[in-house]
Amino acid sequence: MLLRKIALEEFGAYRGKQSLDLTPKKNKPIILIGGLNGCGKTTLLDAIQLVLYGNRARCSGRGTKAYETYLRESINRKADPARGSSITLEFTVLTGGQEHHYRVVRSWHISGKTLKEFLNVYVDESYGERAKLGRAVRPEGEFNRLLSEGWADHIESLLPLEIASLAFFDGEKIESLADPERAASVIESAVHSLLGVSTVQQLRNDLLALQRRQKLSDEEQHLLDNIRAQETERDAVLDEYDVAHQELGHSRSELGKAQRTLESVERAFAKEGGNLFARRVELENDKEQILAQLAQLRAELVQLAAGPLPLLLAAPLLSDLREQAAREQQAQQSAHVLEVLAQRDTWLLDLLPDGQRADVLAQLEADRAQRAKSTELAVNLQLPHDATAQLAVLGELLERDTARGDQLLKTVAELTEQLDQLDRQLAGVPAQHKVEALQQSREEQILEVARAQAACDRAAAQLEELKRRREYVTTLLERAHKEFVRTKVKAEEVERVIKYSEKARDTLERFGTALLKRHISRLEVAVLQSFKILMRKQSLVHDLRIDTGKFTLTLADADGEDIDPARLSAGERQLLAVSLLWGLMRVAGNRLPSVIDTPLGRLDSRHREHLVDRYFPHASDQVLLLSTDEEIDEYLLGRLKKSVAHTYTLVHDDTEFTTSVVEGYWWNEGVQHAG
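Residues numbered from 1 in each chain as written. Predicted model: local features only at pLDDT ≥ 70, side-chain atom pairs only at ≥ 80, totals over all residues. Heavy atoms only, no water.

**As for the overall build of the protein**
When you go through the protein residue by residue, the secondary structure sums to 19 helices and 13 strands. The buried share of the protein, taken over its 675 residues, is 41%. Residue pairs at least 24 apart in sequence account for 71% of intrachain contacts in the protein once pairs closer than 6 positions are excluded. In the form shown here, the protein has an accessible surface area of approximately 37200 Å², with 50% of it arising from carbon and sulfur atoms. (Helix = DSSP H or I, 4+ residues; strand = E, 2+ residues; numbered from the N terminus. Buried < 20%, exposed > 50% of the residue type's maximum accessible area, 1.4 Å probe, protein only. Contact = heavy atoms within 4.5 Å. Areas by Shrake-Rupley, 256 points an atom, 1.4 Å probe, with all protein chains shown as cover.)

See the structure below:
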């Protein structure tokens with residue numbers, strides 16, 4: 001990921017619209033931003049995190065404030081609250097060998113007493129083509145609504161929030177990481193997210209989700225349990241109707257109890273930090289709705305199949321029957337014609353003279369004999385005279401029911417796909433040890449509610465079904481036997497899928513363990529090399545180890561003895577923290593930018609020179625340095641200049657309490673005083 005540009009409009013101390021070009025140049029990865037204390041360096045760092053993560057951003061100026069309160073206070077005091085503030089961040093990401101350009105715009109304003117926030121994401125704009133032409137124009141956006149609505153999930157795939165702390169950090173954070181025990185959590189999250197170990201765990205979760213889906217549905221299990229009851233239903237359908245009515249009332253009662261218990265567990269869960277699982281609750285509600293829709297659609301399919309639709313199995317016979325009806329109708333018409341001709345011939349013969357009567361009589365008899373052949377049928381079913389019309393009506397009904405059935409099956413397939421997607425998302429929700437017991441209780445109760453709801457739905461469906469079974473009970477029994485055979489085949493397939501999925505999960509677990517050890521080994525070497533590069537005392541630390549279980553960092557001297565962190569000076573501990581961050585970035589391939597705020601606060605001149613010469617130019621493909629004039633002074637700027645792509649100075653107006661961005665640093669581009 002490379003940050004390209006950031007624009008702040010009425011944000012914090014930044015009055016009006018202030019923009020910074022953050023694009024690094026070849027062999028010049030550093031963007032140097034100078035400012036005295038209180039000029040807005042940390043605000044700039046907060047802005048990058050805020051535009052990306054919103055409510056989850058770990059902004060230094062927020063503290064314990066509510067998110068809405070923080071946004072209200074972030075609007076520049078001189079600005080119109082109705083117009084509000086906005087932050088625009090442009091960056092590029094290389095995926096699959098292709099570079100994608102993102103422009104993320106987060107804005108908010110106050111309307112009455114309400115604060116309204118908006119997030120718009122534009123992807124793959126014309127920025128790149130226009131930049132090649134050398135014209136600094138605003139990119140024409142391709143607004144991505146789906147990505148804007150799901151940005152919180154998408155940014156986690158690009159730059160997880162836990163990893164952002166490795167890319168965006170200040171001097172205080174470096175100092176806090178100087179304690180090896182505190183560094184353990186950073187190492188753990190970095191190894192799992194930044195180095196891809198979490199991907200293996202995600203694959204195991206996906207396989208687990210597959211195993212959970214490979215179960216017989218409640219409807220299929222219900223069919224197996226009630227197949228014998230259906231065999232006796234022909235003689236007891238009326239009694240079963242009364243029983244089903246009682247079962248429905250009982251199921252609704254059990255469902256109410258389960259729901260009340262779930263509400264109680266949910267309240268306790270939320271009290272213990274369950275707000276982290278709000279999205280999971282939303283997904284589970286969506287799943288319940290889809291299950292309800294599927295149950296309704298399947299009931300409608302059952303009702304549809306109870307009509308004339310099964311006659312499609314005898315489509316050739318229906319076609320033959322139509323042809324037979326047409327032949328019989330034609331034969332009947334021919335017979336009526338013969339009767340009329342017989343009367344006509346008798347009348348005609350009476351009009352002829354006796355000499356001509358014999359010849360004419362022979363011709364007329366031959367004509368009638370010829371017509372009589374059309375009335376002869378090889379098979380005569382003696383169908384009713386309106387059989388053709390009845391068959392036409394039946395054909396229209398079958399065509400209508402077939403179309404409706406196809407529509408219902410298509411809808412069921414779409415809902416099933418949505419259900420699969422929800423299951424995959426739910427399986428990926430991480431566990432939280434602080435609410436582990438409540439989480440397990442909550443999940444069990446959710447399943448209990450789902451079972452009670454399914455039982456309630458089945459009872460209601462059975463009640464309606466029994467009304468129809470009074471006439472079609474025999475047909476339904478045959479269908480149940482056929483369904484039973486299909487379910488047995490599916491059960492064997494489910495068992496096979498679960499068996500091999502479990503083997504694959506075991507393999508992935510072993511692979512994940514091996515991958516973790518490999519990354520830890522590489523990280524130990526990278527951190528140790530980085531530390532030795534930055535340290536003056538090359539012989540102080542001879543070895544560095546990271547525990548694969550607790551992720552604690554241990555230093556050792558040349559004799560293999562552990563080094564007490566207290567033996568290190570404050571500056572050396574700070575260099576150790578920098579080395580940890582640098583090593584992580586090196587092992588990860590320098591694919592993330594490094595944004596460093598006040599990096600040299602507690603270092604002596606020699607250590608500062610080491611950071612300027614050995615770390616900043618090589619920390620990443622893009623390095624944003626936010627420094628005071630005492631940290632990166634004129635001397636250090638000279639040593640760093642060959643690696644600097646852009647320089648800016650944050651100029652603060654003490655009378656207006658506003659900050660503006662000026663190109664150049666204190667000792668170049670004419671910026672002599674910024675105070």
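**What to know about the packing of helix α1 (residues 41-53) against helix α5 (residues 151-158)**
It is at 9 Å that the axes of α1 and α5 come closest, and there the two elements cross at 120°. Here α1 is positioned oblique relative to α5, judged by the angle of their axes. Two secondary-structure elements touch here, α1 through Val 51, Leu 52 and Tyr 53 and α5 through Trp 151, Ile 155 and Glu 156. Taken together, the residues of the contact of α1 with α5 break down into 5 nonpolar, no polar and 1 charged. (Axes fitted to C-alpha atoms, helices over the stretch in contact; angles between N-to-C directions. Parallel < 35°, antiparallel > 145°, perpendicular 65-115°, else oblique. Nonpolar A, V, L, I, M, F, W, Y, C, P; charged D, E, K, R; others polar.)

**Concerning the side chain of Thr 658**
Along the chain, Thr 658 turns up in strand β13 (residues 658-663). Ignoring anything within four residues of it in the chain, the contact list for Thr 658 reads Ala 13, Arg 15, Asn 76, Lys 78, Val 651, His 652 and Asp 653.

**Quick look at the pairing of strand β11 (residues 623-627)**
Two faces belong to every sheet, and in a regular strand the side chains alternate between them. Within β11, 5 of the 5 residues are buried, which leaves it mostly tucked inside the rest of the structure. Bridge count between strand β3 (residues 30-34) and β11: 5 bridges; the pairing is parallel. Its bridge partner lying in β11, Gly 34 is registered against Ser 627. Pairing of strand β10 (residues 594-597) with β11, which is carried by 4 bridges, proceeds in the parallel orientation. (Pairing = 2+ DSSP bridges.)

**Remarks on the pattern of salt bridges**
Scanning all chains against the criterion turns up 12 salt bridges. Residue Glu 9 pairs with Arg 83 through a salt bridge whose shortest N-O separation is 3.1 Å. Placement of Glu 9 in strand β1 (residues 2-11) and of Arg 83 in the loop between α2 (67-74) and β4 (85-95) is noted, with a sequence separation of 74 residues between them. Residue classification places Arg 83 among the exposed residues on the basis of a relative accessible area of 61%. Here Glu 300 and Arg 404 are joined by a salt bridge, their closest N and O atoms 2.4 Å apart. Taken together, the residues Glu 300 in helix α12 (residues 278-305) and Arg 404 in helix α15 (residues 387-427) connect sequence positions 104 residues apart. By relative accessible area, Arg 404 is classed as partly exposed at 30%. (Salt bridge = Lys/Arg side-chain N within 4 Å of Asp/Glu carboxyl O.)

**Side note on α2**
Of the positions making up α2, those classed as buried are Tyr 67, Tyr 70, Leu 71 and Ser 74. Angularly, the buried residues of α2 cover 100° about the axis, an arc narrow enough to put them on a single face. Elements in contact with the buried residues of α2: β1, α1, β4, β5 (98-111) and β6 (114-123). (Arc of directions from axis to C-beta.)

**What to know about the nonpolar core**
Counting residues in hydrophobic clusters, the biggest one holds 56 residues, and the most contacted among them are Ile 6, Leu 52, Phe 91 and Trp 151. Of the residues forming this core, the biggest block, 8 residues, is contributed by α1. When near neighbours in sequence (up to four residues on either side) are disregarded, Phe 91 contacts Met 1, Leu 2, Leu 3, Arg 4, Leu 52, His 100, His 101, Tyr 102, Val 104, Trp 151 and Leu 158. Membership of the second largest hydrophobic core comes to 45 residues, among which are Trp 582, Val 587, Tyr 615 and Leu 625. (Core = buried A, V, L, I, M, F, W, Y, C linked by side-chain atoms within 4.5 Å.)

**Comments concerning the confidence of the model for the protein**
Considering every residue of the protein, the mean pLDDT works out to 77; 74% of them sit at 70 or more. Segment residues 127-139: pLDDT under 50, and 14 contacts once partners within four positions in sequence are set aside and those in other chains are kept. Low pLDDT, under 50, characterises residues 669-675; the predicted model gives this stretch 17 contacts beyond four residues in sequence or across chains. (pLDDT = per-residue confidence, 0-100.)

**Quick word on the pairing of β3**
Across the 5 residues of β3, 5 count as buried, placing the element largely inside the fold. The two faces of β3 match: Ile 30, Leu 32 and Gly 34 on one face and Ile 31 and Ile 33 on the other face are all buried. Direction of pairing for β3 relative to strand β12 (residues 644-653): parallel, over a ladder of 5 bridges. Counted as the bridge partner of Leu 32 is Thr 647 from β12.

**Considering the packing of aromatic side chains**
Scanning the model with the defined rule gives 3 aromatic pairs in all. Ring plane angle 85° and centroid distance 6.0 Å describe the contact between Phe 11 and Trp 108, whose orientation is recorded as edge-to-face. Highlighted residues: Phe 11 in strand β1 and Trp 108 in strand β5, separated in sequence by 97 residues. For the pair Phe 11 and Trp 108, a shared accessibility class is recorded, and that class is buried. Members of the aromatic cluster, each reached through a chain of ring pairs, are Phe 91, Tyr 102 and Trp 151. The ring of Tyr 122 has Arg 103 sitting right over it, with the charged end atom 4.3 Å from the ring centre. (Phe/Tyr/Trp six-rings, centres within 6.5 Å; stacked < 30°, edge-to-face > 60°. Lys NZ or Arg CZ within 6 Å of the ring centre and 35° of its normal.)

**Some thoughts on the environment of Leu 50**
Looking at where Leu 50 falls in the secondary structure, it is placed in helix α1. A relative accessible area of 0% places Leu 50 in the buried class. In the structure, Leu 50 is positioned 37 residues away from Ile 87 in sequence and 8.3 Å away in space, judged by C-alpha atoms. In this view, Leu 50 contacts Phe 11, Ala 57, Cys 59, Tyr 67, Tyr 70, Leu 71, Ile 87, Arg 106 and Trp 108; residues no more than four positions away in its chain are not counted.

**Considering unusual backbone geometry**
The general pattern is negative phi for most residues beyond glycine and trans for most peptide bonds. Its identity as a non-glycine residue notwithstanding, Glu 10 has a phi of 55°, on the positive side. Positionally, Glu 10 belongs in strand β1. The phi dihedral of Asn 27 falls on the positive side, at around 60°, and the residue is not glycine. Looking at Asn 27, the relative accessible area reads 67%, which means it is exposed.

**Side note on the environment of Thr 346**
Within the secondary structure, Thr 346 is located in helix α13 (residues 315-351). Remark: the alpha-carbon pair of Thr 346 and Leu 361, spanning 15 residues in sequence, is separated by 9.2 Å.

**Description of the side chain of Glu 10**
On the basis of relative accessible area, Glu 10 is assigned to the buried category, the value being 8%. Here Arg 15 takes part through its side chain, which lies 2.5 Å from a polar atom of the side chain of Glu 10. When near neighbours in sequence (up to four residues on either side) are disregarded, Glu 10 contacts Arg 15, Gly 16, Ser 74, Ile 75, Asn 76, Ala 79, Gly 84 and Ser 85. (Polar contact = N/O pair within 3.5 Å; in protein donor to acceptor, adjacent residues only side chain to side chain.)

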